[in-house]
Amino acid sequence: MVQPLLALVPTLLVVAFFLLGPFNWSRHQTWARATTCAFVAAVALRYTVWRFTETVLPYPNDGANFYWVWVVFVVEILAFTEVVLFLILMSRYVDRSAEADRLGQAFFARRESELPTVDVFIPTYNEPLDVLERTIVGALALDYPKDKLKVYVLDDGRRGWLKTFCEGRGAIHVTRTDNAHAKAGNMNNGLRVSSGDFIAVFDADFVPYSSFLRRTLPFFSDETIGIVQTPQHFFNVDPVQSNLGLENIWPDEQRLFFDEIAPSRDGWNVSFCCGSCSIARRKAVDAIGGFPTESITEDLLTTLSMLNRGYKTRYLNERLSMGLAAENLTGYFVQRERWCQGGIQTLYLHNGPLRGPGLSLFQRIMFLPMSWLVQYLVRFIILLVPVAYLWFGALPLYFTDVADYVSNQVPVLAAYFLLMLWITPTRYLPVVSSAVGTFSTFRMLPTVLSSLVRPFGKPFKVTPKGSGNEESAFDAYTFTWIAGFIIVTALGLLINIVPETAQTNGSFSTIAVLWSGINIVVLVIASLICFEKPRRLLQAFRLDEAVDVDGTGGRLVSLSLDKAVVAVPTKARFKSTRVMLKLEGFAPLEAELKQVTQRRGDVTRSGDERRYHLHLHFDLRGFERDKMIIKLYTGRYSRDIPDIDKVAVSVNLLLRAFGRTRTAS
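None of the values given here were measured: they were computed from a predicted structure.

Quick notes on the rules
- Residues numbered from 1 in each chain as written.
- Predicted model: local features only at pLDDT ≥ 70, side-chain atom pairs only at ≥ 80, totals over all residues.
- Heavy atoms only, no water.
- Helix = DSSP H or I, 4+ residues; strand = E, 2+ residues; numbered from the N terminus.
- Rg over C-alpha atoms; globule rule 2.2 N^0.38 Å.
- Contact = heavy atoms within 4.5 Å.
- Areas by Shrake-Rupley, 256 points an atom, 1.4 Å probe, with all protein chains shown as cover.
- Lys, Arg positive; Asp, Glu negative; His and termini not counted.
- Charge placed at Lys NZ, Arg CZ, Asp CG, Glu CD.
- Axes fitted to C-alpha atoms, helices over the stretch in contact; angles between N-to-C directions.
- Parallel < 35°, antiparallel > 145°, perpendicular 65-115°, else oblique.
- Left-handed = near helix turned anticlockwise from the far one by under 90°.
- Nonpolar A, V, L, I, M, F, W, Y, C, P; charged D, E, K, R; others polar.
- Pairing = 2+ DSSP bridges.
- Salt bridge = Lys/Arg side-chain N within 4 Å of Asp/Glu carboxyl O.
- Buried < 20%, exposed > 50% of the residue type's maximum accessible area, 1.4 Å probe, protein only.
- 1 Å grid on protein atoms, 1.4 Å probe; cavity = no way out; pocket = protein on both sides within 12 Å on 5 of 7 lines; lining within 4 Å.
- Points joined across faces, edges and corners; volume = space filled by probe spheres on them.
- Core = buried A, V, L, I, M, F, W, Y, C linked by side-chain atoms within 4.5 Å.
- Expected span 1.5 Å × (residues − 1).
- Polar contact = N/O pair within 3.5 Å; in protein donor to acceptor, adjacent residues only side chain to side chain.
- pLDDT = per-residue confidence, 0-100.
- Phe/Tyr/Trp six-rings, centres within 6.5 Å; stacked < 30°, edge-to-face > 60°.
- Lys NZ or Arg CZ within 6 Å of the ring centre and 35° of its normal.

## A few points about the overall build of the chain
And step 1. Within the chain, the secondary structure is distributed over 21 helices and 17 strands.
And step 2. Taking 26 Å as the expected radius of gyration for a compact globule of 665 residues, we find that the chain reaches 27 Å, a close match to that expectation.
And step 3. Principal-axis analysis of the C-alpha atoms places the extent of the chain at approximately 80 × 65 × 50 Å.
And step 4. Excluding contacts between residues fewer than 6 apart, the proportion of contacts in the chain whose partners are at least 24 apart in sequence is 79%.
And step 5. Working note: accessible area of the chain is about 28300 Å², and carbon and sulfur atoms make up 60% of it.
And step 6. When the 69 positive and 62 negative side-chain charges of the chain are each reduced to one mean point, those points stand 2 Å apart.

## Some words on the packing of helix α15 (residues 370–392) against helix α17 (residues 430–453)
And step 1. Closest axis-to-axis distance for the α15/α17 pair is 8 Å, and the angle between their directions is 120 degrees. Between α15 and α17, the interaxial angle falls into the category oblique. Handedness of the α15/α17 crossing: left-handed. Note on element contacts: α17 touches α15 through Ser433, Ser434, Gly437, Thr438, Ser440, Thr441, Phe442, Met444, Leu445, Val448 and Leu452, opposite Trp372, Leu373, Tyr376, Leu377, Arg379, Phe380 and Leu383.
And step 2. Of the residues in the contact of α15 with α17, the class split is 11 nonpolar, 6 polar and 1 charged.

## What to know about the sheet that holds strand β3 (residues 172–174)
And step 1. With mixed pairing, the 7 strands of this open sheet are ordered in space as β3-β2-β1-β4-β7-β6-β8. Edge positions in the sheet fall to β3 and β8 (312–315), since each of these pairs with one other strand and no more. Between one strand axis and the next, the sheet turns through 25 degrees on average, direction left out of account.
And step 2. Bridge count between strand β2 (residues 149–155) and β3: 3 bridges; the pairing is parallel.

## Here's the deal with the pattern of salt bridges
And step 1. With the rule as written, the count across this model stands at 28 salt bridges.
And step 2. Residue Lys183 is joined to Asp203 by a salt bridge in which the shortest nitrogen-to-oxygen separation is 2.8 Å. On the criterion of sequence distance, the pair formed by Lys183 in helix α7 (residues 182–193) and Asp203 in the loop between β4 (198–201) and β5 (206–208) is long-range, its members being 20 residues apart.
And step 3. Assessed through its relative accessible area of 14%, Lys183 is described here as buried.
And step 4. Between Lys631 and Glu545 there is a salt bridge, and its shortest N-O distance comes to 3.1 Å. A residue pair is termed long-range when its members are at least 10 positions apart, and Lys631 in helix α20 (residues 622–633) and Glu545 in strand β12 (residues 541–549) qualify at 86 residues.
And step 5. Residues joined in a network through salt bridges with shared partners are Arg96, Glu99, Asp266 and Arg314.

## Overview of empty space enclosed by the protein
And step 1. Summed over the entire model, instances satisfying the criterion amount to 3 cavities of 30 Å³ or more.
And step 2. Size it by volume and the largest cavity reaches roughly 80 Å³.
And step 3. Met187, Ile199, Val201, Cys273, Gly275, Ser278, Ile279, Ala280, Phe291, Glu298, Asp299 and Thr302 are the residues that line the largest cavity.
And step 4. Mapped by element, the contributors of at least two residues to the lining of the largest cavity are β4, β7 (278–281) and α12 (298–308).
And step 5. When its residues are assigned to classes, the lining of the largest cavity shows 7 nonpolar, 3 polar and 2 charged.

## What to know about the nonpolar core
And step 1. By size, the foremost hydrophobic cluster in this structure holds 71 residues, and its most contacted members are Ile279 and Leu581.
And step 2. Here this core takes 5 residues from helix α5 (residues 129–140), the largest share from any one element.
And step 3. Dropping the residues within four chain positions of it, Ile279 is found in contact with Val118, Phe198, Ile199, Ala200, Phe212, Leu213, Thr216, Leu217, Phe220, Gly226, Ile227 and Val228.
And step 4. Counting residues in hydrophobic clusters, the runner-up holds 59 residues, among them Ala32, Met90, Leu300 and Tyr389.

## Section: helix α18 (residues 476–495)
And step 1. In this model, α18 (20 residues) spans 28 Å end to end at C-alpha, consistent with the 28 Å of a helix rising 1.5 Å per residue.
And step 2. Its buried side turned inward, α18 meets α15, α17 and α19 (508–528).

## Structural notes on the pairing of β12
And step 1. Alternating positions in β12 separate cleanly, Phe541, Leu543, Glu545, Val547 and Val549 being buried on one face and Arg542, Asp544, Ala546 and Asp548 remaining unburied on the opposite face.
And step 2. Summarising the sheet, β12 and strand β13 (residues 552–559) pair through 7 bridges and their orientation is antiparallel. Opposite Glu545, over in β13, you have Leu556 as the bridge partner.
And step 3. With antiparallel pairing between neighbouring strands as the criterion, β12 and β13 make up a hairpin whose turn holds 2 residues, including Asp550 at a positive phi of roughly 50 degrees.
And step 4. In this structure, β12 lies alongside strand β15 (residues 578–582), joined through 2 bridges in antiparallel fashion. In the strand pairing of β15, Val549 is matched with Leu581.

## Notes on the packing of α17 against α19
And step 1. Between α17 and α19, the least distance of the axes is 8 Å, while the angle of their chain directions is 70 degrees. With respect to their mutual orientation, α17 and α19 come out roughly perpendicular. Seen from above, α17 lies across α19 with right-handed handedness. Listed contacts from α19 to Val431, Ser434, Ala435, Thr438, Phe439 and Phe442 of α17 are Val521, Val522, Leu523, Ile525 and Ala526.

## What to know about unusual backbone geometry
And step 1. In the Ramachandran plot, Asn269 falls in the positive-phi region, its phi being about 60 degrees despite a non-glycine side chain.
And step 2. Along the polypeptide, Asn269 turns up in the loop between α10 (255–267) and β7.
And step 3. Phi is positive for Asp550, close to 50 degrees, though the residue is something other than glycine.
And step 4. With respect to the element layout, Asp550 can be found in the loop between β12 and β13.
And step 5. Judged by its relative accessible area of 39%, Asp550 falls in the partly exposed class.

## Remarks on the side chain of Arg314
And step 1. Within the secondary structure, Arg314 is located in strand β8.
And step 2. A polar atom in the side chain of Arg314 sits 2.9 Å from the side chain of Asn269.
And step 3. Beyond its immediate sequence surroundings of up to four residues, Arg314 is in contact with Arg96, Ile225, Ile227, Val228, Gln229, Asp266, Asn269 and Ser271.

## Section: the confidence of the model for the chain
Detailed reading of the predicted coordinates is not advisable wherever pLDDT falls low.
And step 1. Here the chain averages 90 in pLDDT, and 92% of its residues register 70 or above.
And step 2. Scored below 50 in pLDDT, residues 601–608 makes 12 contacts in the model with residues more than four places away or belonging to other chains.

## Focus on the packing of aromatic side chains
To describe a pair of aromatic rings, you give the distance between the ring centres and the angle between the ring planes.
And step 1. Applying the stated criterion to the full structure yields 41 aromatic pairs.
And step 2. Aromatic side chains Phe202 and Phe212 sit 4.9 Å apart centroid to centroid with 70 degrees between the ring planes, which places their arrangement in the edge-to-face category. Here Phe212 lies in helix α8 (residues 212–216) and Phe202 lies in the loop between β4 and β5, a separation of 10 residues in the sequence.
And step 3. By relative accessible area, which is 1% here, Phe202 ends up buried.
And step 4. Take Phe212: its relative accessible area is 0%, and that puts it in the buried class.
And step 5. Among the aromatic residues, those joined into a cluster by ring pairs are Phe17, Phe18, Phe23, Trp25, Trp31 and Phe39.
And step 6. Geometry around Trp268 places Arg92 over its ring, the cationic atom sitting 3.7 Å from the centre.
And step 7. For Arg265, the ring lying beneath its charged end belongs to Phe367, and the centroid distance is 5.1 Å.

## Quick word on the pairing of strand β17 (residues 611–617)
Side chains on a regular strand alternate between the two faces of the sheet.
And step 1. A large share of β17 lies buried, amounting to 5 of its 7 residues.
And step 2. Here strand β14 (residues 563–569) runs beside β17; their pairing, made up of 7 bridges, is antiparallel. If you follow Val565 over to β17, its bridge partner there is His615.

Pasting the structure below:
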């Protein structure tokens, strides 16, 4: 038994380690990451040993509760295994930008006629023109010799209007007689009609930056490189950002993987292709018999198949494209369920991590879909433990006193949270990140279980894109689960206040009350994601550029393909709602003035001067629209959020939760 004051010592030591060490070190230095991850692993191991020897083995075999203790412990062991693999992975980090600079100088020093040929594949099925046009125009505008570049639009929708559009722009429209093997089959058909040395793949909603080929192609100077993957960035907000009201202060959900985990995987030579925004060596694709069709995640299986043949994948962590994040919760879950099922499918395949030839033991371990298999089960058990205790008195462990618990579990939680705040300072907040994971649990856990039982039971399903979310919607299924857990947890606390109905009287009650309170907070935040907010499909980019409106100078505040917001002095006057907008590089645009707003401290270069915001709408057609696509989407602008405003996130969540409570009442 630990004395109350001594119980805090391990946690204080953890905090002291981070204050004196990692928070003063560069998080991109391998020695710093390795030292920190080893320290956290040691703290986690200390906790796991305590759990087994002091809280599991001593528990008497007294019926159902005995088995519940072991169930909880086994789930914790799975979580511990996932955490250790994560710590090993994150103990390295590689930034290949300098390598790209060095290799690029030699690669592009050769004569233009000696440069390799590149085919750009744009697989598409049912995306509308306003989605596809950006990708096609952006691909055609790549900074590469035009006689060395061909753009193939692989149309499984067999649409006449798309063929007409491609012919008018110089892209090659390709169809096939059936849609066998979905995206992989579509790209294999593209292989049959093309002959480029390299194949760049962009999903129908991703626009390549003009510099994409110049930054990625030089890596193929190494003949063992089969694929170069780049991160996926987005020009719209995802459902989590939007529904939580954190559009401008919280990054999109995939930033943690692409900005932090993917570079670390590359440091261990276990990086993998993510499909879109990648480029592959045709010789390597031919060596594996084309893009694999056995899994609905052909990108992951392509990587594994190439590893079987001795090829490697490289990851260049530079923003070289922009695309559409899932626009609503329907698309969000279609996408993630496909990733989850595809990852689990690899366990059953001859070229997967368990049976694939040519893989090292480390590669086999690192390609196991541990995150999919473990994270949602763990989150579900975290919600279930206090409910089982409050309602049925079911202890999750042999419990002595609060001090023992504080001495052993709090340090590991502190170590993990501090690690994440250090290693990914702009991508992580414990409560919000937990809420997002909890929100996904109720849909993803059934997918995990069904994929284990019937891994090939669901066919490939395209993520819906281009539909936008112009009306409010509501995820009733997930909300019902969340509301149910909130209610049973809160009622469990209430019934234990009254002695006549109380199911608990042990010292674990203090921990259970705190655990329940945290769960309720996380669940309330998760419930906010269920309420979808309307969003425009054509998102505007914030910028600050000189502009002219009917002879009056102003500053562009934001710009999209159909709208501009211009800040002008309050003294400006316009005779009509039809005005001429002059943008650099464009012929004068006739625009309609639909709204005038007034704000203080806008994006201007004139201090705090009061200015009007003119909301100008226009309709661009043909090559003028193409020029605007190239201006907006091929590298000059970004919607990335560089840092988390932790105060703003907290205030926004409180206001949103309060607003939802008032609406419900």
